[in-house]
Every structure is written in structure tokens, then in C-alpha cells.
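# Coordinate analysis (summary)
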Amino acid sequence: MAGHSAVLTDGSTLSRLDRALERLERVAAFVSGLGAFGLMCLAVISVGGRELFNEPLRGYVDWIEMAMPLIAIFGISYVQRNGGHIRMDIVVGKLKGRALWLAELFTTFGIFVLMAALVWGSWAHFDRSFDFAAPMWSRDSTIDLGLPLWPAKLIVPVAFFIMCLRLVLQLWGYGRALVLGLETPVAVPLVQSVAEQAAAEAEHIQGHDA
Amino acid sequence: TEWNVSLWGKRRAFTEHVHKLAELVEEKTDGEFTMNISYGGLSKNTENLDGISIFAFEMAQFCAGYHPDKNRAITVLELPFLGVNTLEEELAVSQAVYAHPAVANEMAQWSAQLLMPTPMPQYNLVGTGEPRDELAEFDGMRVRATGGIGRAFEAVGAVPTSMTASEVYQAMEAGVIDTASFAQHAHLSFGTINEADWWTANLNPGTVNCPVVVNMDAYDALSDAEREALDSSIPAALDHYLANYGELLARWDSVLEEKDVEKVMISEEELDKFREIAGTPTHEAWIEELSAQGLPAQELYDLVMTTLEETRASN
Amino acid sequence: MTSIEIGLWVTGGLFVMVVLGMRVAFAAGLAGLLGLVWIFWEKRSYDPEMLGWAISVAVKTAGQVPHGKVASQALSLIPTFILIGYLAYYAGLTKALFEAAKRWLAWVPGGLAVSTVFATAGFAAVSGASVATSAVFARIAIPEMLKIGYDKRFAAGVVAAGGTLASLIPPSAILVIYAIIVEQDVGKLLLAGFIPGAFSAVVYGTLIVVLALTIKGFGPPVRGFTWGQRFASLPAALPIVAVVVIIIFFVYNPFGDAWGTPTEGGAVGAFIIFVMALLHGMRGAEFKDALIETAKLSIMIFTIIWGVLIYVRFLGFADLPSAFADWIASLHYPPMVILICILLAYAVLGMFMDAIGMLLLTLPVVYPAVMALNGGEDVLAADSTFGMSGEMCAVWFGILVVKMAEFCLITPPIGLNCFVVAGVRPDLSVQDVFRGVTPFFIADAVTIGLLVAFPAIVLWLPSLA
Ligand code: NA
Ligand code: NA
């Protein structure tokens, strides 16, 4: 169902662009992970401060609200690059060759339409909270500390824009595979059978448990 | 015409005027103009004003304190210790402020037009442990209070602790907080009253202001008959709201008795001390800050004060 | 066309996209976006000049959802719970647990298999993810079982089934997601997961003992551990107990005031495991790896959440959930029959879909219907169909559907846990694991039946809090 998929590489322009973008995406994902760790520290500080010094972290909820888009959205493109967003592959898993690339091209184009629209929509959402004329450029703020919300809202269109770049590369990759009739195209996550994918997942965990 | 109305939570005293309005409008237009009231289905509560501005729906309710930067002018109504004591006074000052051009102007930036207020009683405290009726006893108290009220308690040494409303009951049970400030209907619906040992009957530290707004284009697109039906129904809707909330307030004393919650009266002397520390300086700071941002802050503040005096005089 | 018809068409389109293999999160988001365009345009009587306006309003409405829905305190539990699981590997908790379970429990008939079940249940208390639990124990427990003569298919089945316990026993990402979608108290749901999770483990254990007593040549009990050895195995496994106690006590303290909120409990638990992992030798590279893996899994889950919530926003405008609820409530079948049909539908759907995707896609429509069946959100126990208040019905149904989702992890053709176990063991095919796990279908059917028949198993603990 879910899963990690293999992405092949070679010396072509497409593959080099793929790897360049992947470096950026990996940094974004790491920042998301750091955010999750920061969230944990924040809660420990809040509990500790309250129990030990009667000084709970002021505006704890506000800080969570600010951090969550970073954790939950910033690295979205990295997950797409590796085919990590879940799908039902009971049908595409049966397809081969051009039929497969056509199906992938079609669904990836659907995702591209959605994400391009959401870059616009989430930018508008950010834009309503942003005002050059206002103090701290803020026209929307958190409930307790009155932190300006625009930085948290800006994360979304930025992450979605990177995602659109990724989707353009994937459309290029699938399109190329379709036209040339390739077996194993570069720069796109390849469908693995559930078994291969489980093996990859298990491998990962074995590494951990050593 | 069918309007979508975005509210949140559940139907409660807080939303009764909207239901009454919908009912009256439908009646007066023989079913030509209906309102489809949605609780949370159309938007998140803190984004109702955004939804109005993009015209996703025609009518909505929001609270000024959720996002002061979106609606700076009406935050004057959320200042602590304004001296508002009754729902009628709250209604009068809200309507006076809503009629001010600076307020209308700020709302117009969101394509919004203020339709009517949601008069809320003062956010008094329920608390656990020994009753706190002197200023000195507020020192170190952990209180769940947001915005201006939170800052007022902070000024007298209390520790405001933030959490979502749905976590408040548990936080109180857990001793994470000692007290929580809400309106009566919220103390009932969040269950804080069940944990409480005492209730401050006359602290009256302030309240939140939650107007009902409509999208300007939607309002303009109404036929003359529909607009007349809408406008003429507002007073009756507010009367219904006041009567309904009044019943809840009248029942409040028996609720306290039933739950064995002590009613704490704070002396005028202590209240004066409180206002001196947490009231007046906050007001002055607010006027200064918003004047600097180009709003007629002093004018809005004076408007509240004179309206309050006039309302008292007329009763 | 009425808005409800639009709702049905768009929902049909969504399922076509999902079947065609579009990533679930984006299929839901796209269906929601197109549905919003349709609804807004319909409101302007399909005036060609207003199409641009309808698209603009729909895009801006959808554009609010990713930030707006994700920025919530309750959802912050999900990355925390995922982080705990990854850190637990580095803290060496898996081996410690299996060793302790073996020394204490392996003397019963089918002892090593029973020990495996209880070790997976213990690991479930620090792991939010079922698949990870199965993969880890496939490596530790299967070799030991094979050594003393267990059937290899059965040994694999035990591990695949034991892994499913992780989504019922807190911390559980899937329970948090359920709580968010249905807007119920996360703490109560997490608390409610403990007893059914432990109960499932006991049912599995009992089944194994019965099989061991009836089948000749089943794996023998392992005896001969001294009390000294038993107690010596405890310290290494103790942090699990600490984390369980902390999470419970932050939600509900039987001896007095609870210690805080679920959000805080999860974070403090993660912090303890983090310190353990540091002491156990985790360093920069492993830590970075844990963070990136946490980010990947969290983002995957959050993307489905906001994608589905765009679709849910559209459903709000189309008013479909309340129409469906009215329809279900008006059916002339006994409510219990309808509930069982819903659960059976989940069992079938779960054979073909991922558990989280399945719950997120269906709950916005199914949950209001179940609540309506019980008599509404605010119904009192005395006036209700199933004899429980609206709030408790939400908890009970949540545990039932999560148990169904777990069941889907071991059913063919795509039960993921079975694939993972087969993936770890070169000597086992997927068919072997599916065959070995079959007895546990019966155990799960029994468990679900008992949870339906005796809701108190689920509701006793949360009703105290
Ligand atoms: Na778990
Ligand atoms: Na294998």
C-alpha cells in the first residue's frame, strides 16, 4: 500500500535536476523532524517549568500552532519524491510499460493541478494575514501572545511550490518513459510489489535495531 | 436567496440570536430568503472572517480576541475592567462601537459588515481550593484566561496558562490550573463548574466580543424586501437572545447551590485596587498603541465610556 | 442538481481516482477542490461569467485548509507518538522486552509464542505503528521459536498478529486521528485503547495455549528460568512501564489528580525514551535518521489529514454527512444489525485499502450516521439505542473501527504486516504467513464480538476519567 519506492539515477539532465532538488527536499524534511523534536522539548519545558517553578511556558499553545505547519507540511515534497504518500496500487501494480506510465502521468497531473491551485489558495491565505503597513507586518495573530501568524502561513505556499517543482520533474520523467517506452525510467518512484516494498521497510528497521 | 451561515461548536445560548434571525427572515419573506446554519462545516472558528472576505459564505460569527490583528478597532470592547455589568450595557456599548466609521472601515477590508453583537456576560472566575477574594491572593494563581483578561490577571501576579477550551476541564482536574475565566454558559458546557469550589460573582474582569457579520456583496445583492426583512428582524433576534441568556443567568445561582460552589463577593476596596493596577494602565497602553497605528483609539474608548454612562442614566 | 447529488457524484469520482492509484491524500484534496468549484458555480446557476469567480472562491476556501487544520494542539500528538517509536529502537527496548516476556511467561503451553504476543503488546506501549512492531519481532522472536520446533508458518503468524496490537494500545497515531476527525476528547480515546488492547493480547494468548494443548508437536514450553533470572530481566524493560504509567497518569490518575494533559504526557514519555536512547549509544547520525523518518511518516499522515479535510470541507457545503445520517437512522433494520453491517463493510474495505486512508475517507460520513443511530451526539445513556451516552458511543465506535483497521493488517490479499514478516524472513513466503495467521482471524472475530456485546470492556476506564 504505502511505501518507499526506488528512484533510479543516471547522468541525464533530468536525473541531475532530480538529485539537486532532492538535496533541498531532504533539508526540508530534516527541518520538519527537528520541529517534531522541538515540540517535545517545548512540552517538557512547559511541564517542568510548571511543576518545579510555578512558571508554565507562556503561550505554549501559540508556539505549537506556529510549529505545526513546519512539522506537518514543510517536507511534503521529499515524501513525494520517494513515493511515500500512500495509495492503493492494486490496479497500477498490475500495469506494465506504456500503460503504467500513462496511468502515472495521469494521476501525477491530477496532483499537479491540485498543488498549483493550492499554491494560489494558500498564498491568498498567507496574504490576508500579511500587511506591510501593520506592526510586525501582521494582520492575523495568535490568541494568547498575539504572535504574527504570517510566517507559519507562508510555510505552506513555499512547501507546495517546491512540491510543484517536484511534480514537474515527475511529469517529465513519466512523459519521457511513455514516449520512449522505457522499462526503468530515472527520477520517478518505481512501483514496487508489496513484497519488495515490505522488504525495504523491514531492512530499514533492521538497521535501527542493531 | 439562500445564505450559508458559519458558526462553530453546538447550538447554545451564544448562537440563539442567529437562529431567531433565520426564523424571522424566512417567515417575513414567505420562505424566499432562507439561512442554512452550519456548525463548523464551512470554516474553522478563527477563520470565519477569512471565509467572509473570500465570499465562501454570506454570514458568520467570530470573536475579536481570537485574532486581535484582524480587528483592532473592536478590541476596545475586550479591554479589562471597563465597568460593564449587565448584558444590556454590553449590548449598548457594542452597538455604539459597531456604528463608528473606523470600525466599519476596518471590517470593510474583509468585505464584512457588522450585523449585530453577541452580548456576553463578564468572564468571572471559577476556582478550586480556598476562595481568593483579595488582590494579594491572586499572586501565583494559575489561571486559564486569554487576551486582555489574561494580561489583567498577569498584572496582579497571576500566571496565565494557555490551552484549548476543550482541555480546560481536565487541566483544572489535574491541578494544571487553579482557576478559569469564562462566561456562565461556557463554565456549564466545558464542565469547569463541576470542578469548582468557588465563583467570583462581582470581579467582572471583562469579556469577549463576538459580532455576527455579513459579506457586503451578499448584503447588497439582496432584494429590497429581503434586506428590509433582515434589518427589521435584528431587534427581535437580540431580544430573544437576551431573554434566553437572562434565563440562564437567573438559573445560575441555583446551579452554584446545586454544585455546592461558594459565591465570592469581592469588596469595593479590593476591586478598586484591582482596577488601578490591571484596568486603567491597560486602557492607557491600548489607546497609545492603537493611536500610533492610526486608529481613533481615544475616540473609541470615550465612546464606550459615554455610552455606558448614558445607558446607566436611562435605567 | 441538488447539493447532495453533487456530493454523491464527487464522492464517486474520488473512489475512481483512488482505485486508479492516485495518492489518497491528493485524490481527496482534488475531489474536494473540484466539488467546491461545482457547488459555488451551481449557486450562481452555472452562469458562464461566474465560473472564474467560483474557481477563485473554491481555491481560496481549499487553500485555508492545510495551514488551518494542521495548526492544532491535539494533532501535535502525532509527531510526538511517531518520534517515541523511532527512538525506542535506539533505546534497545525490543530485545529487553522479549527477554523479560520469555523468562516470565514461556513456561505455559505454547510458551514462546505467548511470550511473543505479550512482548509485542509491551512494545506497542511505545510504538504507534503496527508494521514496525511486526518487522522488529520477526527478527527477534521467529528464530527462537523455530529453534525449539515451532511450525514456521505459525511462528510468522504470531508475529504478524502481535504487531497489530500497536495501534490499539496507546500511543497510537490512528486513535489520535480518529479523535480529531470526530472531534472527541483524545485523552478518553487513548485511555479507552488500553483494556481492549490488553484484552486482544489475552485472547491471542489463550488461543495459543488452546492450540498448544490440542495440536501434537506444537512448540514445547520453555522452563527452568530461576526467579533471580526473571527479576534480572526487568530493569532493561522497565522504561516501558515508566512510559505507560506516565501516559496513563497524565490522562487519568486513579489515586488523585491527573498529572496534566495527553499532549504533555506523550512528550514526557518521548523525552524519557530519548534519554534512554542516548544512554544506549544513539549518536548524531542515528538521531538525524530518526528525525527524518519521523518527518516522513508524520508528513505522510498529515497530508492525508489535510487532503481529506478539503474533501470534508466540500462535504460541509454539500451537506452530505447529515443526509447520510438521516438515511441510516431511517432504515427499518435493528440498529445493531446496521452497526454490524458497517463493521463488516470495514473488514471488506480494509482488505484493499490502507488503514489510515480508509478511516479518514469514510469516517466523515459514517461517524455521524453511527451517532444518529445511537440517538444523537448529546443523547443520554438512558435514551440511547446502544445504552451509552453520545460521548461514550464515540469512544466505543472508535475502538471498534481501530480494531477493524488492525484486523485489515493481517487479512489477504494485502495485509501489510504479513508482507513485512515475509520480507524479513527469506525462508517464508507471503502465503506461508497468511496461512499461519489464519487462527488469529478467529481470535480477532471473537474479540470484536465481545467488544460489541460488552461495551463495558471499552468504556470502563474512560468512564472513570
Ligand atoms: Na501503540
Ligand atoms: Na520471504
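What counts as what
Counting restarts for each chain, with residues numbered from 1 along the sequence as it is written. To label them, take the chains in the order written and letter them from A, then take the ligands in the order written and number them from 1. Side-chain atom pairs in this predicted model are given and counted only at pLDDT of 80 or more, local residue features only at pLDDT of at least 70, and totals for whole chains, interfaces and linings cover all residues. Calculation of side-chain values draws on the structure's entire complement of heavy atoms; hydrogens and water are dropped beforehand. For the purposes of this section, nonpolar cores are sets of buried Ala, Val, Leu, Ile, Met, Phe, Trp, Tyr and Cys residues that join through side-chain atoms within 4.5 Å. Buried residues are those whose accessible area, probed at 1.4 Å on protein chains only, stays under 20% of the maximum for their type, while exposed residues exceed 50% and partly exposed ones sit between those limits. By definition, any uninterrupted DSSP run of H or I lasting at least four residues is a helix, any uninterrupted run of E lasting at least two residues is a strand, and each is numbered from the N terminus. Each domain's extent is set by a domain assignment, obtained either automatically or from a database. When checking whether two residues touch, look at their non-hydrogen atoms; a contact exists if any pair is within 4.5 Å. Structural elements are reduced to axes, namely lines fitted to C-alpha atoms, with helices fitted over the stretch in contact, and the angle between N-to-C directions of any two is expressed from 0 to 180 degrees. For classification, angles of less than 35 degrees are called roughly parallel, those exceeding 145 degrees roughly antiparallel, those between 65 and 115 degrees roughly perpendicular, and all remaining angles oblique. Should the near helix be turned anticlockwise from the far one by less than a right angle, the crossing is termed left-handed; should it be turned clockwise, right-handed. Residue type decides the class: Asp, Glu, Lys and Arg count as charged, Ala, Val, Leu, Ile, Met, Phe, Trp, Tyr, Cys and Pro as nonpolar, and the leftover types, Gly among them, as polar. Whenever a carboxyl oxygen of Asp or Glu lies within 4 Å of a side-chain nitrogen of Lys or Arg, that contact is scored as a salt bridge. Ring pairs shown here join Phe, Tyr and Trp side chains whose ring centres sit within 6.5 Å, with only the six-membered ring taken for Trp; geometry is labelled stacked below 30 degrees between planes, edge-to-face above 60, and tilted in between. UniProt positions are given in the numbering used here, feature names are shortened, and annotations may be inferred rather than shown by experiment. A helix's residues, less one, multiplied by 1.5 Å, set its expected span.

### Notes on the nonpolar core
Ranked by size, the top nonpolar core spans 259 residues in total, and within it Met115 and Phe160 of chain A together with Trp306, Tyr346, Phe397 and Phe440 of chain C carry the most contacts. Ranked by residue count, the leading element in this core is helix α14 (residues 284–318) of chain C, at 19 residues. Mapping this core onto the domain boundaries places at least three of its residues in each of domain 1 (1–71) and domain 2 (74–297) of chain C. Beyond its immediate sequence surroundings of up to four residues, Phe440 of chain C is in contact with Phe154, Gly157, Val158, Ala161, Tyr204, Leu207, Ile208 and Ile410 of chain C. Of all hydrophobic cores here, the second largest spans 75 residues; its members include Phe81, Ile177, Ile193 and Ile234 of chain B.

### Quick notes on the packing of helix α1 (residues 13–53) of chain A against helix α2 (residues 60–73) of chain A
All names here are of chain A. Packing of α1 against α2 leaves a shortest axis separation of 9 Å and a crossing angle of 165°. One element, α1, and the other, α2, form an angle in the roughly antiparallel class. α1 and α2 meet at a crossing whose hand is left-handed. Facing α1, whose interface residues are Val31, Ser32, Gly35, Ala36, Leu39, Leu42, Ala43 and Ser46, α2 presents Tyr60, Trp63, Ile64, Ala67, Met68, Leu70 and Ile71. Across the contact of α1 with α2, the residue classes tally to 12 nonpolar, three polar and no charged.

### Section: the pattern of salt bridges
Scanning the model with the defined rule gives 29 salt bridges over all chains in all. Close ionic contact of Asp140 of chain A with Lys153 of chain A constitutes a salt bridge, the shortest N to O distance being 2.8 Å. Of this pair, Asp140 of chain A sits in the loop between α4 (97–128) and α5 (150–180) while Lys153 of chain A sits in helix α5, placing them 13 residues apart in sequence. The exposure classification of Asp140 of chain A matches that of Lys153 of chain A, with both residues buried. Between Asp178 of chain B and Arg132 of chain B there is a salt bridge; the shortest N-O distance is 3.7 Å. Pair noted here: Asp178 of chain B is in the loop between α6 (168–173) and β8 (179–181) and Arg132 of chain B is in the loop between β5 (125–127) and β6 (142–144), with a separation of 46 residues, a long-range link. Take Asp178 of chain B and Arg132 of chain B: they sit in the same class, and that class is buried. Here the salt bridges do not stand alone but share partners, grouping Arg128, Asp140 and Lys153 of chain A together with Asp50 and Lys70 of chain B into one network.

### Observations concerning the packing of aromatic side chains
Under the criterion given, the structure shown has 41 aromatic pairs over all chains. Here the aromatic rings of Phe153 of chain B and Phe274 of chain B are separated by 6.3 Å at their centres, their planes lie at 80°, and the arrangement is edge-to-face. Here Phe153 of chain B is found in helix α5 (residues 147–155), whereas its partner Phe274 of chain B is found in helix α11 (residues 268–292), with 121 residues between them in sequence. For the residue pair Phe153 of chain B and Phe274 of chain B, the accessibility class agrees, reading buried in each case. Ring geometry for Phe40 of chain C against Phe317 of chain C: centres 5.3 Å apart, planes inclined by 70°, an arrangement best described as edge-to-face. Note that Phe40 of chain C is positioned in helix α2 (residues 24–43) and Phe317 of chain C in helix α14, a separation of 277 residues in sequence. Phe317 of chain C shares its class with Phe40 of chain C; the two are buried.

### With respect to the UniProt feature "transmembrane region" (unreviewed entry) in chain A
All names here are of chain A. UniProt marks residues 27–48, 60–79, 100–123 and 150–169 with the feature "transmembrane region" (unreviewed entry), using the numbering shown here. Split by type, residues 60–79 is 90% helix and 0% strand. Its first and last C-alpha atoms lie 29 Å apart. Along residues 100–123, the helical share is 100% and the strand share 0%, with 34 Å between the first and last C-alpha atoms.

### Observations concerning the packing of helix α1 (residues 16–28) of chain B against helix α10 (residues 224–258) of chain B
Two quantities define a packed helix pair, namely the angle between the helix axes and the distance between the axes. Residue and element names in this part refer to chain B. The interhelical angle for the contact between α1 and α10, taken along N-to-C directions, is 140°, at an axis separation of 8 Å. Relative to α10, the element α1 lies oblique. In the packing of α1 onto α10, the handedness of the crossing is right-handed. Of the residues in α10, those in contact with Glu16, His17, Lys20, Leu21, Leu24, Val25 and Lys28 of α1 are Ala229, Leu230, Ser232, Ser233, Ile234, Ala236, Ala237, Leu238, His240, Tyr241 and Asn244. Of the residues in the contact of α1 with α10, the class split is 10 nonpolar, five polar and three charged.

### Re helix α5 (residues 93–105) of chain C
Compared with an ideal rise of 1.5 Å per residue, which puts 13 residues at 18 Å, α5 of chain C spans 18 Å between its outermost C-alpha atoms and is within 8% of the ideal. Within α5 of chain C, the full set of buried residues consists of Leu93, Thr94, Ala96, Leu97, Phe98, Ala100, Ala101, Lys102 and Arg103 of chain C.

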